[in-house]
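# What the coordinates show
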Amino acid sequence: MANEKLIQKGLEAKARLEERAKSGFGDTSGARAKVYGCNSTSCRSAGGESVIDSFNQAVDANELSDQVRIVPTGCMGLCAKGPLVKVVIDGMEDQMFKEVEPMVARLIVAEYITPVLEGKISELPEFLKQYTLDLNSPFFASQQKIVLQNLGHINPESIDDYVDFGGYQALKKCLFEMSPQDVVNEIKESGLRGRGGGGFPTGLKWQFSHDAEGDEKFVICNGDEGDPGAYMDSGVLEGDPHAVIEGMLIAGYAQRATSGWLYIRAEYPLAIKRIENAIRQARKNRLLGDNILGSDFSFDLEVRLGAGAFVCGEETALIASIEGKRGTPRPRPPYPTESGLWKQPSSINNVETFANIAKIINMGAKEYSKIGTDKSKGTKVFALTGRVRNGGLVEVPMGMTLDEIVNQVGGGVDGDAELKAVQTGGPSGGVIPKHLLDLPVCYDELKAVGSIMGSGGMIVMDEDDSLVDIAKFYLGFTVEESCGKCAPCRIGGQQMLDKLTKIAAGDGKKQDVTDIKRIAHAMQKASLCGLGQTAPNPVLSTLKFFESEYTDKIKECCGGCACSCNKNEAAK
Amino acid sequence: MANSSPNSGTAMAVKKWKKKRGSLIMALHEIQDIKGYVPWEDAQEVAVGMGVPLARIYEVLTFYNYFKLEAPGKAVISVCLGTACHLKGNDEVLKEFEKELGVKEGTSTEDKLFHLQSVRCVGCCGLAPVVVINGKTYGKVTPSNVRSMIEEWQNNFANETDVA
Amino acid sequence: MTEMVKAIIDGVEIEVEKGTTILDAARKVNIDIPTLCKHPDVEASAACGICVVKIEGRPNMVRSCCTPLDNGMNVITKDPEIIGVRRTVIELILSNHPNECLTCMRSGHCELQDLASEFGMRETNLPSLVKKKEKDESTKAIVLDPSKCVHCGRCVEVCQNQQNVHALSFLGRGLPTQIAAAGGIDLADSPCIKCGQCSAHCPTGAITEYDETQKVWDMIMENEDHVVVQIAPAVRVAIGEEFGYPIGTNLTGKLYSALRMMGFDKVFDTNFGADLTIMEEGSEFVQRFTKGTAPLPLVTSCCPAWVDLMEKYHPDMIENFSTCKSPHEMVGALTKTYYAEKMGIDPAKIKVVSIMPCTAKKYEISRDDSMSSSGFQDVDVVLTTRELARMIKQAGIKFRDLEEVEADNPLGEYTGAGTIFGYTGGVMTAALRSAYALITNEELPDDVIDFKPIAGLEGVKEAEVEIQGKTVKIAVAHGTGNVEKVMEKVRSARENGEEPPYHFIEVMACRGGCVAGGGQPRVISSDVPRPRGINDEIRMRRAKGLMGEDKDAKLRRSHQNPSISKLYDDYLDAPLSKKSHELLHTHYVARSTYKR
Ligand SMILES: Cc1cc2nc3c(=O)[nH]c(=O)nc-3n(C[C@H](O)[C@H](O)[C@H](O)COP(=O)(O)O)c2cc1C
Ligand code: SF4
Ligand code: SF4
Ligand code: SF4
Ligand code: SF4
Ligand code: SF4
Ligand code: SF4
Ligand code: SF4
Ligand code: FES
Ligand code: FES
Ligand code: FES
Ligand code: FES
């Protein structure tokens, strides 16, 4: 009985989606001017919230509410210049303002928006130009936004906004026009690979899980985002939470799952708030729960928080953590797709991976797979930070070279020093020296030079940065974050770190470098999980490309040979 | 323990989460949100209420950085030591806090006004170096800002007691 | 039909059951892969990384202890790179381990020491990371020295999941991770039941027995003292491992010799006490079963770890508990009363030392007042089998050359029923032999005397016995992790007002019973393959050593023990008499799991 009612309501919701599709997507407010104010963590910290308030007040004060729509949005990318505000007025060129303060907001309304709407001016007043950013600059122009498509356009706290921009159409298509296997096939065909770091083919993972049998089956979203200094996933969760939910729903349908779990870093309060809000809205709109959109697919989501452990990004540790245990990895096999959460088949994907799903369904696998390179399809979001002029969240097609990302999108080094290297893959990755920067960004190319794509952290370093220091920084991080379960990582990491510290302090011996390499090798080969296996990467890659930075610091003769090099002489 | 029913928040957290799966960490989060840390008695209450052995609860509490076993200072100062902030020199800011407050990272001042800790990225790398104090984010911090940040919070607390 | 998989290990083709680990499969073709953290009793924790091997076509090495062999795998278990990695890992472990072999209780029997010596570890460039941590000796039964811990996780797995006690846990993470009770409190303030299974499974000297050998030497040295020693059933079939005997060899006679040579004044046998326990407990059962004097089921109480667990976790079962003390406590009480009177010795001068397979017995002797029923503490010191072996070695006794002698009277004579107390199901078997006789006045026929259904290593064993047309339903549980279900069944029947599911329940805290107690030898013997440590085969071989003695015994029923009859005639009157109650019985109280 109850179900019939639910189905009825679901079908009504479905009808609303269909209705929405007919009229074409986009803003429906009819407002002549729109103010998009970044309301994501970084800009909020820089005062973004009060900027949005000021806009609202100013618009109210000028009685323009029906003509101007103020949209608090997700991250617009150039966080370093936040708070960012984009003003779109019919018939005018779009304007992007940087470092906006409440005062400036009032001026924008009073001196730009109002007079334009009143037909008094048709150009941006000169004095406001100091606050604008060039939307035609490579930072904006050479990005390709698929995952971040909605960021900067919709209010992440409004499901209506998401639906207006085409949201949940892909879900509807899957539920009513495709079988679960069709969906799996579509994802396989798209060539999508996991954005969490490993780059495992998503369709293949879904196939395993689709084929697995269990009393229950789970889809898990990995929002632990442990890379210290990267915030792609928080950007997506804060800026477009429904995209993640829709991705998980489609994943759940395709894998015949019974429920979904979102594991999010506790350090992301805003992301948590927004996703929880989005889940509530989705439930209300019959997009979560029993008989979704009136179909016989039932699925709901639960949010679980991390508690400050990088290793919980590793799949088996994440599962242990949700189960309420210490987040220590366990050996695989069995793989989570056979036996995961509560020993039931579970498949885990990254936030960004999920955010790609609805887009793939909407544009079709064929179209999607045209983006990117042969083996790496689609786009990748990076958190571009460090010594770079345009630091922020960027999305580029796979295959774009590092040089283009850093020098065009990123605008090159911030300051006078020369660019030295780029670090990708966070604590599991490595440095790529300047002479290799024409490398295209794709999983395999980066691996070939000793780094990894990783989840999207990209740190730019200049000549003043010490690579021994950066290696020490990352190793210090992994040592602190080692779960301590297995000996190679628990002890090896500390021994390497001690030796590195010694070298950095100028007390190192040549033997220390030899020892570091030997321990690194054992860690890579004998550590239980990815954390330990990859922890030596930052050290090994800096040693590979910048060994002299290490040996320069080794002043003392090791006395290990009878040669008569300078150092030996000096020692005598 | 000034509160008349000191464990009521804990009892509620237990009640809310005990029937749900995968909820131990969530319940502990809730307790810490209320109390600032997870006291021994509350951990025992969770053990009994949720049917999880106390040993397992402490395994969890001591594994995850986020949980505190001791009451922290009133203002929790989180200095970001993520990559971006490290590169831009936040280590120096941390040192300055340690010097100014006279405490080591991970501990609280004797007057229990401040707790100093480091965190790894709060998602505002664009504003690096970043410090968060009780939820308020400070971007592009330099060691010379430290003094005034401390004073700001000292004043906040002074005003509070004035009112009370 | 079980599915088989075919693969190649070091060039040798092999076919094994699906699910077999590479480690086990390799052993089948005589390839020994070194291990450290893996233990046969517990699921692989995959902690150490010593057992790594290569699988052709895979970039990383895999852990052989927890990776199942799969069809078509080409496994390489040794090449210079693999050996190099293993060496480095051992070197790393040693760099975080104190160099204390010379003074370590585990020396000579240590899995880490053995590994290091096997790999010929010599010098190292790695500075020591050891941070001396405080030992936890609070239980006075086991000692936890976290500095010697290699984080294999066996103890935690055993304490939490096999014993279901949850006293031990991991504290912290990363390098500073430590094995400790919740919140780092003393083990004595935790729910620890002192079973010592953690120490039985520890590969190193990180968890050992609380050593009291010096205390005993001092007693022996003290001329004034009359020092009496007794040995538990399970000791005789395990001590041999310390002296190169095959596992399970029964060495009762030589043990008595050794104890005399060490200078003990009298050598008694706990088996006598076991026979006596049967008389008391059997009578208790008969009373409850035939007259309904107290609720059923009756639950055995000779295992102090189980008693502790019951008082902490199942206090609602107190009235189901047999009030009988454990056998060695009975012997202790009688030594300081019956024997003292008989010999005219001042009981204040008598010292009783019990040699036990068990660490919990160290706790038991001062558990409460009833452990001092003689007016003095009935048993003064408990030594484990391991401690005794050390003392024999210290004394320079050539154990293998000893003559076999008899124990002393009047507390040394025993029947086969007393012997079999040492393994799971033994107490029940012995009790039924006598209960049958007490109820029917007839002897249980020899061909059914062994109670096969309760003999093996199944966690919970159930059987039904017909006695005079009535069915006696029994259950035997061992390893405290298996107790919960049995108690739950009893509890739910009680709550629903139903007939109890069982009439008589035997519980032993250690898997396999005392033969695998927490104080038994942990010798690395060449006939125990990797992964090393106590396993079911060792348990069974030790148990068989006891069964053999029972089979060959002239008397196999406790009530047939002439010394027991004499004791009742001369001193106690009858089972469950007032005097028996005073000396041989105890009582229980609910205890809190945490003291803080
Ligand atoms: C130490 C460690 C940390 C990880 N952290 C994350 C993380 O923060 N976020 C993430 O999505 N994946 C992380 N991963 C990768 C995940 O284990 C897993 O491969 C991924 O979530 C799968 O999703 P994908 O296929 O969509 O990338 C981590 C892996 C390791 C070994
Ligand atoms: S590699 Fe490190 S993080 Fe991973 S299981 Fe081993 S100790 Fe834990
Ligand atoms: S001179 Fe020889 S001994 Fe000295 S540092 Fe160079 S290699 Fe070592
Ligand atoms: S535990 Fe083993 S290796 Fe360590 S000191 Fe003792 S005997 Fe030596
Ligand atoms: S083995 Fe070595 S360290 Fe030990 S006692 Fe003999 S010589 Fe000394
Ligand atoms: S003695 Fe038994 S209960 Fe105590 S810590 Fe060891 S295994 Fe756990
Ligand atoms: S105490 Fe022993 S058994 Fe427990 S983890 Fe340490 S080494 Fe392993
Ligand atoms: S089973 Fe035996 S050895 Fe184990 S705790 Fe009980 S009495 Fe001691
Ligand atoms: S947070 Fe506002 S632009 Fe990134
Ligand atoms: S590194 Fe400090 S906020 Fe990201
Ligand atoms: S990892 Fe296999 S024996 Fe330790
Ligand atoms: S009770 Fe004595 S051997 Fe078990």
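Residues numbered from 1 in each chain as written. Chains lettered and ligands numbered in written order. Predicted model: local features only at pLDDT ≥ 70, side-chain atom pairs only at ≥ 80, totals over all residues. Heavy atoms only, no water.

Bringing the sheet that holds strand β5 (residues 136-138) of chain B into the picture now. Residue and element names in this part refer to chain B. If you trace the five strands from one edge of the open sheet to the other, you get β2-β3-β1-β4-β5, paired in mixed fashion. The open sheet has two free edges, formed respectively by β2 (107-108) and β5, since each of these has just one partner strand. With three bridges connecting them, strand β1 (residues 75-80) and strand β4 (residues 131-133) associate as antiparallel partners. Directly across from I77, in β4, lies its bridge partner I133. (Pairing = 2+ DSSP bridges. Helix = DSSP H or I, 4+ residues; strand = E, 2+ residues; numbered from the N terminus.)

What follows covers the interface of chain A and chain C. Contact with chain A, which involves 33 residues of that partner, is made by 34 residues of chain C. The contact between chain A and chain C buries some 2,700 Å² in all, and 55% of this surface belongs to carbon and sulfur atoms. Applying the counting criterion to the chain A and chain C interface returns two salt bridges. Two residues, R173(C) and E481(A), come together in a salt bridge whose shortest N-O distance is 2.9 Å. (Contact = heavy atoms within 4.5 Å. Buried area = accessible area lost by both parts, 1.4 Å probe. Salt bridge = Lys/Arg side-chain N within 4 Å of Asp/Glu carboxyl O.)

Once that is clear, we can look at the interface of chain B and chain A. Interface size is commonly expressed as the accessible area that is lost once the parts come together. Contact with chain B, which involves 35 residues of that partner, is made by 53 residues of chain A. The junction of chain B with chain A conceals about 3,500 Å² of combined surface from both sides, 58% of it contributed by carbon and sulfur atoms. It is R21(B), L87(B) and R120(B) that lose the most area in chain B upon contact with chain A, and together they represent 22% of the buried surface on that side. Linking chain B with chain A are two salt bridges. The closest approach of N and O atoms between R21(B) and E216(A), which form a salt bridge, is 2.8 Å. Here chain B is connected to chain A by 21 residue pairs in polar contact (both at pLDDT 80 or more). Sort the elements by how many residues they give to the side of chain B that touches chain A and helix α4 (residues 54-63) of chain B lands first, with five residues. Class assignment of the residues belonging to the side of chain B that touches chain A gives a composition of 17 nonpolar, eleven polar and seven charged. (Polar contact = N/O pair within 3.5 Å; in protein donor to acceptor, adjacent residues only side chain to side chain. Nonpolar A, V, L, I, M, F, W, Y, C, P; charged D, E, K, R; others polar.)

All names here are of chain C. Turning to its location among the elements, C65 is positioned in the loop between β4 (62-63) and β5 (74-76). Take C65: its relative accessible area is 3%, and that puts it in the buried class. For the pair C65 and P531, spaced 466 residues apart in sequence, the C-alpha to C-alpha distance is 8.4 Å. The residues touching C65, leaving out its near neighbours within four places in the chain, are T21, L23, K38, A44 and C51. (Buried < 20%, exposed > 50% of the residue type's maximum accessible area, 1.4 Å probe, protein only.)

What follows concerns the site of ligand 1. Residue and element names in this part refer to chain A. Around ligand 1 there are 18 residues in total, and G196, N222, N349, N350 and T353 lie nearest to it. Contacts to ligand 1 include N222, whose side-chain N or O atom sits 2.9 Å from an oxygen atom. N350 places a side-chain nitrogen or oxygen 2.7 Å from an oxygen atom of ligand 1. Relative to its unbound accessible surface of 610 Å², ligand 1 loses 87% to contact with the protein. Those elements that provide at least two residues to the shell around ligand 1 are β9 (346-350) and α21 (530-534). Broken down by element, the shell around ligand 1 gets its largest block of residues, three residues, from β9. A breakdown of the residues in the shell around ligand 1 according to their chemical character gives three nonpolar, nine polar and six charged. (Near = heavy atom within 4 Å. Areas by Shrake-Rupley, 256 points an atom, 1.4 Å probe, with all protein chains shown as cover.)

A few words now on the domain arrangement of chain B. Segmentation of chain B into domains returns domain 1 (8-63) and domain 2 (75-163). Placing the centre of domain 1 of chain B and that of domain 2 of chain B at their C-alpha centroids yields a distance of 28 Å. (Domains from an automatic or database assignment.)

Once that is clear, we can look at a nonpolar patch on the surface. Residues and elements named next belong to chain A. Judged by side-chain polarity, F200, L204 and F208 come together as a nonpolar surface patch covering roughly 270 Å² of accessible area. Here F208 shows up in helix α9 (residues 202-211). With relative accessibility at 43%, the residue F208 sits in the partly exposed group. (Patch = residues over 30% accessible without salt bridge, like charges linked within 9 Å, V, L, I, M, F, W, Y side chains within 5 Å.)

Neighbouring residues of ligand 4: H97(C), P98(C), E100(C), C101(C), C104(C), R106(C), S107(C), C110(C), Q113(C), T204(C) and G205(C). Split by residue class, the shell around ligand 4 holds four nonpolar, five polar and two charged.

Once that is clear, we can look at the side chain of S42(A). Looking at where S42(A) falls in the secondary structure, it is placed in helix α2 (residues 41-45). Once you skip the residues sitting within four places of it in the chain, S42(A) turns out to touch C79(A), G123(B), C124(B), G126(B) and L127(B).

We now examine the sheet that holds strand β17 (residues 504-508) of chain C. All names here are of chain C. Pairing in this open sheet of four strands is mixed, and the strands run β12-β17-β16-β15 from one edge to the other. Of all the strands in the sheet, just β12 (298-299) and β15 (460-467) have a single pairing partner and so form its edges. Where β15 meets strand β16 (residues 470-478), eight bridges bridge the pair, whose relative direction is antiparallel. Bridge pairing links E464 to K473 in β16. Packing against the sheet, helix α14 (residues 426-440) makes contact with β15, β16 and β17, and its axis sits at approximately 155° to β17. (Axes fitted to C-alpha atoms, helices over the stretch in contact; angles between N-to-C directions.)

On to the packing of helix α2 (residues 24-35) of chain B against α4(B). Residue and element names in this part refer to chain B. Running from amino to carboxyl end, α2 crosses α4 at an angle of 65°, the nearest separation of the two axes being 11 Å. The angle between α2 and α4 places the two elements in the roughly perpendicular class. Between α2 and α4 lies a crossing whose hand is right-handed. In this structure, α2 uses L24, I25 and L28 to contact α4, whose residues at the interface are I57, V60 and L61. Class assignment of the residues belonging to the contact of α2 with α4 gives a composition of six nonpolar, no polar and no charged. (Parallel < 35°, antiparallel > 145°, perpendicular 65-115°, else oblique. Left-handed = near helix turned anticlockwise from the far one by under 90°.)

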